[in-house]
Amino acid sequence: MQIQRLVDLEDYEFDTLLVTYNHKNRLSIELGKVSEIFKALQDDDLVGGSKVYGLRGKDFSYQGQPYYNLIFIGIPEHASPRRYQLQFGAALKEAKKLKGRNLLMTAIGDDVSYWLSSAMRGILLADYSFDKYISDRKESPELNLGILTGVDSASFKKEEQYSHMMASAVTLARDLVNEPANVMTPAALADAAKEVCEKNNIKCTILEREDCEALGMNAFLAVARGSKQPPKLIVMEYNGRVTDEEKIALIGKGICYDSGGYNLKPTPGLKGMHKDMGGAAAIIAAMGAIAQSKLGINVTAVIPACENMVSGKAMRTGDIVASMSGKYIEVVNTDGEGRMTLADAITYAIRECGATSLIDVATLTGACITALGSRYTGVFSNSDELVAKLVQASILAGENIWRMPLGDDEYRDLNASAVADVANCGTQCGAIAAARFLNEFVERKPWIHMDIAGTSDSDADTEIYSKGGTGVATMTLYEFVKLMEKPYKSY
Ligand code: BES
Ligand code: MN
Ligand code: ZN
């Protein structure tokens, strides 16, 4: 989608007008007809609050120019960046329904810099579909968005470029997630990471099974063992501040298919399990944006990519595996595979890459979906300081997170094993148990775990989402890394 800044309406022919209204029902564009139509809709309760309503009209016109579609966008009082994204995303969906091609909106007022990029991102994010495997799909024409504004051209360009960069990163993450498992194998995921690295000058290393064996990554390899697809440990190293000793590690769950293993998932549970690599996808995409923006900070991504399958070689319940950290893990449930792969990836990040702080992102537990649903990512951490940064980042990104407890001594025995150092599953508090399991491997480094099991996938086309991968965490990770960037030391 093209976004252009307009100072007047000369040379811009539009067919769809986006009009916002605030909590006092004040319209961003007050014109005889527009206000009249709005009032009529008010009487029918079709607008108000955060409602977005579009109508096709043949006889609306604006300063002599004909246009056809009118879309009213409710902006609640104190709307967050998230809310702006959702509202403008919903508006874009209305515009597409009405077959609008050239949209016009205004961005005028004191608070424009607060919301402009959120509106842009909302519109760009909503303009996504994954239809490459539908043979008779209709090629949707490229849309244009004209924004009539007093914002100067340099600031506008900055917002526009940032929004496009974020949206294409999220789009990449969504594409990776939506590809089926017969296409998006661990090898294909590694290729996708390589491509991002080549484009953005990031160092990329793919460790093969033998490399992981040599490193003693037996927890990761135990999960991978049941599949014909060879595992790949994807390592992306971006060093934006080589003089700095600090290094953030981003660890992404990259299970390209989760059958559950011998604890085989029943039919409803298997559905969508090719999307069990949403964490990996978000991290690959965020790394691209981080490098593209040349952020002054060192970030390394570690992604253990494999499938969790059933075969004569697959891991069994009761197996005891020696993780790379040295801790023995009892496999109580083969469906608790993600945490086993992440355990070794965390150890690798600390011991081989020198990570000084860590964030892992994983579609880890059904329990997190039960707790928070599909609109809040569960966050667990041993560091209040890091969480404060993540909260800030998530607000800028427009993604919801909610902190959950690790429980410290309260839940000490959640993953207790009678035969090994730790069990891969507990019997209660599913999301917390999984987080506590990961905590066993972080060697007291500041660490955040994001459980995106609920937020990584959308079961409907709503606002900024299309059915399927959401690309969640891509934007939050980018903003987080940006906040962690430090000014150069003066020597
Ligand atoms: N990939 C699943 C979690 C999941 C479930 C993600 C539904 C998205 C939608 C994970 O590997 C898993 O199977 N978790 C188990 C853990 C249990 C065996 C302790 C779960 O949540 O049931
Ligand atoms: Mn599983
Ligand atoms: Zn899984």
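Up top is the structure.
As the structure is a computational prediction, the values presented were derived from the model and not from experiment.

(A) Fine view of the site of ligand 1. Every one of the 17 residues lining ligand 1 counts as a neighbour, but D258, K265, D335, E337 and G366 are closest to it. Between an oxygen atom of ligand 1 and a side-chain N or O atom of K265, the distance comes to 2.8 Å. D276 is positioned with one of its side-chain polar atoms (N or O) 2.9 Å from a nitrogen atom of ligand 1. Secondary structure elements with two or more residues in the shell around ligand 1: α10 (337-351) and α11 (366-372). Here the shell around ligand 1 is composed, by residue class, of five nonpolar, five polar and seven charged.

(B) Spotlight on the pairing of strand β16 (residues 357-362). Judged by how many residues are buried, β16 sits mostly within the fold: six of six residues are covered. Neither face of β16 is open: one carries S357, I359 and V361, the other L358, D360 and A362, and all of them are buried. Taken together, the five bridges between strand β11 (residues 248-252) and β16 define a ladder with parallel strand orientation. The partner of I251 across the bridge, within β16, is D360. With five bridges connecting them, β16 and strand β20 (residues 447-451) associate as parallel partners. Directly across from A362, in β20, lies its bridge partner D451.

(C) Summary view of the sheet that holds strand β19 (residues 422-423). The three strands are arranged β14-β15-β19 in an open sheet whose pairing can be described as mixed. At either margin of the open sheet sits one strand with a lone partner, and together these are β14 (320-322) and β19. Taken together, the two bridges between strand β15 (residues 328-330) and β19 define a ladder with parallel strand orientation. Looking at the pairing, I329 lines up with V422 of β19.

(D) Focus on the environment of A173. Structurally, A173 can be placed in helix α4 (residues 153-178). When the C-alpha atoms of A173 and A281 are compared, they prove to be 4.7 Å apart, with 108 residues separating the residues in sequence. Residues within four places of A173 in sequence aside, it is in contact with A281, A282, A285, G471 and T474.

(E) Highlighting the pattern of salt bridges. Tallied over the entire structure, the rule returns 19 salt bridges. As a salt-bridge pair, K232 and E208 come within 2.8 Å of each other at their nearest N and O atoms. On the criterion of sequence distance, the pair formed by K232 in strand β10 (residues 232-239) and E208 in the loop between β9 (203-207) and α6 (209-215) is long-range, its members being 24 residues apart. Taking relative accessible area as the criterion, K232 reaches 12% and is therefore assigned buried.

(F) Spatial organisation of the coordination of the zinc ion (ligand 3). Those donors, K253 (NZ), D258 (OD), D276 (OD) and E337 (OE), are the protein atoms that reach the zinc ion (ligand 3), and they lie 2.0 to 2.4 Å from it. Taken together, the six donor atoms coordinating the zinc ion (ligand 3) span angles of 78 to 171° at the metal, a pattern that classifies the geometry as octahedral. Every donor residue of the zinc ion (ligand 3) comes from the same chain, spaced as K-x4-D-x17-D-x60-E. The metal-metal distance between the zinc ion (ligand 3) and the manganese ion (ligand 2) comes to 3.2 Å, with D258 coordinating both. Note that D276 is positioned in the loop between α8 (267-270) and α9 (278-292) and E337 in helix α10, a separation of 61 residues in sequence. Here D276 matches E337 in class, with each residue buried.

(G) Structural view of the packing of aromatic side chains. Under the criterion given, the structure shown has eight aromatic pairs. Plain terms: the ring middles of Y84 and W115 are 5.6 Å apart, the flat faces sit at 10° to each other, and that makes the pair stacked. Within this pair, whereas Y84 is found in helix α2 (residues 81-97), its partner W115 is found in helix α3 (residues 112-126), the two being separated by 31 residues in sequence. Note on accessibility: Y84 and W115 belong to one class, buried.

(H) Inspection of α3 at higher detail. The end-to-end C-alpha separation of α3 is 21 Å, in line with the 21 Å expected for 15 residues at 1.5 Å each. Of all 15 residues in α3, 13 are buried; the element is thus mostly enclosed.

(I) Structural view of the coordination of the manganese ion (ligand 2). Donor atoms from the polypeptide that bind the manganese ion (ligand 2) are D258 (OD), D335 (O), D335 (OD) and E337 (OE), placed at 2.0 to 2.2 Å. When the donor residues of the manganese ion (ligand 2) are listed from N- to C-terminus, their spacing reads D-x76-D-x1-E. We classify D258 as buried; its relative accessible area is 3%. According to the relative accessible area criterion, D335 is partly exposed, its value standing at 21%.

(J) Main features of helix α5 (residues 186-200). In a regular helix each residue adds 1.5 Å, so 15 residues correspond to 21 Å; α5 covers 21 Å between its end C-alpha atoms and thus fits that length. Residues of α5 that are buried include every one of P186, A188, L189, A190, A192, A193, V196, C197 and N200, and no others. Those residues of α5 hidden inside the fold are in contact with α4, β9, β10, β12 (254-258), α9 and β13 (298-308). Phi for N201, located one or two positions after α5, is positive at around 60°.

(K) Fine view of the side chain of D258. Within the secondary structure, D258 sits in strand β12. Here N308 takes part through its side chain, which lies 2.9 Å from a polar atom of the side chain of D258. Sequence-distant contacts of D258, defined by excluding residues within four places in its chain, comprise K265, L270, M273, D276, N308, D335 and E337.

Definitions and limits used
- Residues numbered from 1 in each chain as written.
- Chains lettered and ligands numbered in written order.
- Predicted model: local features only at pLDDT ≥ 70, side-chain atom pairs only at ≥ 80, totals over all residues.
- Heavy atoms only, no water.
- Near = heavy atom within 4 Å.
- Polar contact = N/O pair within 3.5 Å; in protein donor to acceptor, adjacent residues only side chain to side chain.
- Helix = DSSP H or I, 4+ residues; strand = E, 2+ residues; numbered from the N terminus.
- Nonpolar A, V, L, I, M, F, W, Y, C, P; charged D, E, K, R; others polar.
- Buried < 20%, exposed > 50% of the residue type's maximum accessible area, 1.4 Å probe, protein only.
- Pairing = 2+ DSSP bridges.
- Contact = heavy atoms within 4.5 Å.
- Salt bridge = Lys/Arg side-chain N within 4 Å of Asp/Glu carboxyl O.
- Donors = N, O, S within 2.8 Å, 3.2 Å for Na, K, Ca; no water.
- Tetrahedral: all angles 85-135°; square planar, octahedral: opposite > 155°, others 65-115°.
- Phe/Tyr/Trp six-rings, centres within 6.5 Å; stacked < 30°, edge-to-face > 60°.
- Expected span 1.5 Å × (residues − 1).

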